[in-house]
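For reference, the chains in residue letters:
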Amino acid sequence: MNKEKNFMSAVVYVHDEEPYIADFLEKMICFLEEHFEHSEIICVNDFSTDNSVGEIKKAGKKAKTTAVSVLNMSYFHGVETAMNAGVDLSIGDFVLEVDRTVQDYAPEEIMNVYRKVLEGYDIVSASPDRKQRFTSSLFYRVYERFSDHNQKICSETFRVLSRRALNRVGSMSRTVPYRKGIYANCGLRTLNIRYHAAGAPVQVREDKSLRKYRSSLAADALLLFTDAGYFCSKLMTGLMMFLSLFMIVYTVAVYAMAKPVAGWTTTILFLAVAFLGLFIILTIIIKYLQILLKLSFQRTKYSFESIEKLS
């Protein structure tokens, strides 16, 4: 079998993956050594509290030609920032990003994605053909409703990126706060393919920090890559405008038909107009902040404790 000459870097996110990481890593090592002459695996240990690193070290000893490394983060960063650190460390012509180590696909699916990249796509992702979780489906619907591009995004298991795509993303922003969003907006050819998911979906237990991180990431992504925040501001402004006009009409009617308390009319009119003006100003400010955030992201710094070369 003729092996691929391109250098493949696999960046794997690891956070409390002790039950799955050894089996996954052994399969990934076999796959890379079977199909690529030059390859590496970078396991990004995002402050795991179990024995994930020990399992990685055991499996890493079985590698013959594939270089296996562990990047130990200093504290919990979350998948986006941790994967940024791993990708920055990679040296391959192509990078395989794996966000979860629970495999419901055959290794050949990775080659199908890789071949699509060779056909001219710079970013190709793979998603299972099963139904998404309700919360994920809701997030993606809102994202697509308010985003300014026509590309649909969904839950992905892994993706392969060319070095050109990584260079483009790096030139667009100093950091990658939400990879799917910036990959969809990078201007290069992207593709998502579906694979048949084997077996029943595995429910991976998420700790409190991970659940909190996912909620925060969803809010940040909607703010940075969509007009959802501006839409909410406009909606609130319209509501306050309606209430302000109602209060103005009501105040004038009370003044004309009754004997209000001294100063009541002036106070209510002032408050109605003031609140209307305040929400208009806030809407304008939020819009400008949204534009500034889109133009230039603040760099999210990451901190890693050590890099261990296992093979």
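Up top is the structure these notes are about.
What comes next concerns the included structure. These figures come from a predicted structure and were not determined experimentally.

## Details of a nonpolar patch on the surface
Logical step 1: Side chains of F270, L271, F275, L278, I281, L282, I285, I286 and L289 sit close together on the surface and give an oily, nonpolar patch of about 810 Å² of accessible area.
Logical step 2: Relative to the helices and strands, I281 resides in helix α10 (residues 264–295).

## Side note on the pairing of strand β5 (residues 123–128)
Logical step 1: The element β5 is largely enclosed, with a buried count of 6 among its 6 residues.
Logical step 2: By the alternation rule, side chains of β5 split into I123, S125 and S127 and V124, A126 and P128, which are all buried.
Logical step 3: The sheet contact formed by β5 and strand β6 (residues 158–162) spans 4 bridges and is antiparallel. The residue of β6 that forms the bridge with A126 is F158.

## Quick notes on the pairing of strand β2 (residues 36–45)
Logical step 1: For β2, the buried fraction is high: 8 of the 10 residues fall into the buried class.
Logical step 2: Across 9 bridges, the pairing between strand β1 (residues 4–14) and β2 is parallel. Note that in β2 the partner of S9 across the bridge is E40.
Logical step 3: Since β1 and β2 lie parallel, the crossover through helix α1 (residues 18–35) that links them has a hand, and here it is right-handed.
Logical step 4: With 6 bridges connecting them, β2 and strand β3 (residues 67–73) associate as parallel partners. Considered in β3, the bridge of E40 is made with A67.
Logical step 5: Crossover β2 to β3 through helix α2 (residues 52–60) is right-handed.

## What to know about the nonpolar core
Logical step 1: In terms of nonpolar packing, the biggest core is built from 36 residues, with M8, M28, L32, I41, L96, V98 and F158 touching the most fellow members.
Logical step 2: If one sorts the elements of this core by residue count, α1 sits on top with 7 residues.
Logical step 3: Ignoring anything within four residues of it in the chain, the contact list for F158 reads L96, E97, V98, Y105, E109, I110, V113, S125 and A126.
Logical step 4: Counting residues in each nonpolar core, the second largest holds 33 residues, with L161, V169, Y213 and L224 among its members.

## Notes on the side chain of N45
Logical step 1: Along the chain, N45 falls in strand β2.
Logical step 2: For N45, a relative accessible area of 6% puts it in the buried group.
Logical step 3: Reaching out from N45, the side chain makes a polar contact with the side chain of S48 at a distance of 2.8 Å.
Logical step 4: Not counting residues within four places of it along the chain, the set of residues in contact with N45 comprises V14, V53, V70, L71, N72 and M73.

So, how was this worked out
Residues numbered from 1 in each chain as written. Predicted model: local features only at pLDDT ≥ 70, side-chain atom pairs only at ≥ 80, totals over all residues. Heavy atoms only, no water. Patch = residues over 30% accessible without salt bridge, like charges linked within 9 Å, V, L, I, M, F, W, Y side chains within 5 Å. Areas by Shrake-Rupley, 256 points an atom, 1.4 Å probe, with all protein chains shown as cover. Salt bridge = Lys/Arg side-chain N within 4 Å of Asp/Glu carboxyl O. Helix = DSSP H or I, 4+ residues; strand = E, 2+ residues; numbered from the N terminus. Buried < 20%, exposed > 50% of the residue type's maximum accessible area, 1.4 Å probe, protein only. Pairing = 2+ DSSP bridges. Right-handed = clockwise from strand over helix to strand, strands pointing away. Core = buried A, V, L, I, M, F, W, Y, C linked by side-chain atoms within 4.5 Å. Contact = heavy atoms within 4.5 Å. Polar contact = N/O pair within 3.5 Å; in protein donor to acceptor, adjacent residues only side chain to side chain.

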